[in-house]
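Remarks on the overall topology
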Amino acid sequence: MTALARLAFPALRPLLHALDAENAHRLTIAALRLAPTASPPSPPASLAVEALGLKFAHPLGLAAGFDKNGEVPDPMLAQGLSFVELGTVTPRPQKGNARPRLFRLAEDEAVINRMGFNNEGHDALRRRLAARRGRGGIIGVNIGANKDSSDRIADYVQGLEAFADLASYLTVNISSPNTPGLRNLQSRPELEALLGRLNEARAKRASPPLLVKIAPDLAEADLDDMAEVFLAMRVDGVIVSNTTIARPPLRSAHQGETGGLSGRPLFAPSTRMLAELYARLGRRIPLIGVGGIDSPESAFAKIEAGASLLQLYSALVFHGPALITRIVAGLAERLKAEGLADIRAAVGRKASR
Ligand SMILES: Cc1cc2nc3c(=O)[nH]c(=O)nc-3n(C[C@H](O)[C@H](O)[C@H](O)COP(=O)(O)O)c2cc1C
């Protein structure tokens, strides 16, 4: 499903998009599982990024939610992504919300989802990751809490313990809008309690870098607090951002659906938040920019707003996997055109408070 997938997507898109969005996604995962994996093309050295103690061949990775259960990390790496984030995974398996819960907004190149952390749980993901141990590739695991958990922080600690030896990095997802109350963990006292307990667990074992993923719907004062807490509690990276509960003007019929909005309309608010956080943190903590990346231009704009690394999801639904190599090649061309030796030189140069 590598070169073939890239070539076939334009022909398959009408078929996939005639299906319910979740069925189309299941079909895509099933096809990727069957596909032989080939080595991705080598990107130019100018795109290499050293961050989180890891060496990325270029900045672009897969955002969480596409492969919640770790079924296709290697086929996705073979599509030319430099890293893949699996999850969100919760300690116990859970079904998530009732279907339909995933909507394509084609006219807006956007998606609304209210999946609600449907996933097979820690054990299933651990088994899959253990089976591919030694294959290399940068694989992050995004951890969350069960909806009915009586101690959500304990669920994150369990996530850290479950994946500390298998993940290249861990992401603490406290920004999904689809688990009631989850985003309260972004408030200063709850964030300090959460990171405090995670740091206690980290002190007891060798752990990979710990990242926090935040919502794009935060107020400036929240960001001030968060930046202070991230620095004080030695967070290794911040992912900006998850989906938004806001509804900028949209055209598609599904615009009124409840859930998190992603894709093109998320680009402006998530990039603004990224720049705001970069203005507070500078390069002390690397930022991963995600939200509405759909072209080399939008990818480069995220970097200029302060992202050291990038992730995408929704644009793949509309443009297929060929978009990945197009963005990577476009970034390299942009560096060349601007006479920049490497991507680091562009990080944050357009972020100002
Ligand atoms: C269907 C769907 C499911 C998602 N599930 C998760 C998830 O489980 N955990 C998470 O942290 N983010 C999840 N996200 C958010 C994405 O990781 C990403 O932050 C967001 O979609 C913005 O990027 P994009 O505009 O490139 O899609 C999901 C997004 C979509 C569209």
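Just above sits the structure.
Residues numbered from 1 in each chain as written. Predicted model: local features only at pLDDT ≥ 70, side-chain atom pairs only at ≥ 80, totals over all residues. Heavy atoms only, no water.

Details of the site of the ligand
- The immediate surroundings of the ligand are formed by 24 residues, with Ala64, Thr88, Lys213, Gly292 and Ser314 found nearest.
- Glycine 292 is positioned with one of its backbone polar atoms (N or O) 2.8 Å from an oxygen atom of the ligand.
- At a separation of 3.0 Å, an oxygen atom of the ligand approaches a polar backbone atom of tyrosine 313.
- Compared with its free state, where it exposes 600 Å², the ligand has 98% of that area covered by protein.
- Residue composition of the shell around the ligand, grouped by class: eight nonpolar, 14 polar and two charged. (Near = heavy atom within 4 Å. Polar contact = N/O pair within 3.5 Å; in protein donor to acceptor, adjacent residues only side chain to side chain. Areas by Shrake-Rupley, 256 points an atom, 1.4 Å probe, with all protein chains shown as cover. Nonpolar A, V, L, I, M, F, W, Y, C, P; charged D, E, K, R; others polar.)

Quick word on helix α5 (residues 152–163)
- With 12 residues, α5 should reach 16 Å at 1.5 Å per residue; the first-to-last C-alpha distance of 17 Å fits that figure.
- Burial runs high along α5: nine of the 12 residues are buried.
- Residues of α5 that are buried include every one of Arg152, Ile153, Asp155, Tyr156, Val157, Gly159, Leu160, Ala162 and Phe163, and no others.
- On its buried face, α5 sits against β4 (83–89), α4 (121–131), β7 (138–143), β8 (169–173), α6 (188–203) and β9 (210–214). (Helix = DSSP H or I, 4+ residues; strand = E, 2+ residues; numbered from the N terminus. Expected span 1.5 Å × (residues − 1). Buried < 20%, exposed > 50% of the residue type's maximum accessible area, 1.4 Å probe, protein only. Contact = heavy atoms within 4.5 Å.)

A closer look at the pairing of strand β12 (residues 287–290)
- Every second residue of β12 is oriented toward a common face, with Leu287 and Gly289 on one face and Ile288 and Val290 on the other, all of them buried.
- Both strand β10 (residues 237–240) and β12 contribute to a ladder of three bridges, which runs parallel. Note on β12: the bridge partner recorded for valine 238 is leucine 287.
- Once the chain exits β12 it traverses helix α9 (residues 296–305) before rejoining the sheet at strand β13 (residues 307–312), and the crossover so formed is right-handed. (Pairing = 2+ DSSP bridges. Right-handed = clockwise from strand over helix to strand, strands pointing away.)

Details of the environment of arginine 284
- For arginine 284, the position within the fold is in the loop between α8 (267–281) and β12.
- Sequence separation of arginine 284 and asparagine 118 is 166 residues, and the distance between their C-alpha atoms is 34 Å.
- Of note is the side chain of arginine 284, whose polar atom sits 2.9 Å from the backbone oxygen of arginine 280.

Here's the deal with the side chain of threonine 88
- Looking at the element boundaries, threonine 88 is found in strand β4.
- A polar contact of 2.5 Å, which involves the side chain of threonine 88, links it to the side chain of asparagine 142.
- Of the polar contacts made by the side chain of threonine 88, one reaches the side chain of asparagine 173; its length is 3.0 Å.

Quick notes on the packing of α4 against α5
- Running from N to C, α4 and α5 cross one another at 20 degrees; their axes reach a closest spacing of 10 Å. For the element pair α4 / α5, the angle class is roughly parallel. Here α4 runs over α5; the crossing is right-handed. From α4, His122, Leu125, Arg126 and Leu129 reach across to α5, where they touch Asp155, Gln158, Gly159, Ala162 and Phe163.
- Partitioning the contact of α4 with α5 into residue classes produces four nonpolar, three polar and two charged. (Axes fitted to C-alpha atoms, helices over the stretch in contact; angles between N-to-C directions. Parallel < 35°, antiparallel > 145°, perpendicular 65-115°, else oblique. Left-handed = near helix turned anticlockwise from the far one by under 90°.)

Here we look at the packing of helix α7 (residues 220–232) against α8
- Between α7 and α8, the shortest axis-to-axis distance is 10 Å and the interhelical angle comes to 50 degrees. Taken together, the axis directions place α7 and α8 in an arrangement best described as oblique. Taken as a pair, α7 and α8 cross one another with a handedness that is right-handed. Here Glu220, Leu223, Asp224, Ala227 and Leu231 of α7 come into contact with α8, specifically with Met273, Glu276, Leu277, Arg280 and Leu281.
- Of the residues in the contact of α7 with α8, the class split is six nonpolar, no polar and four charged.

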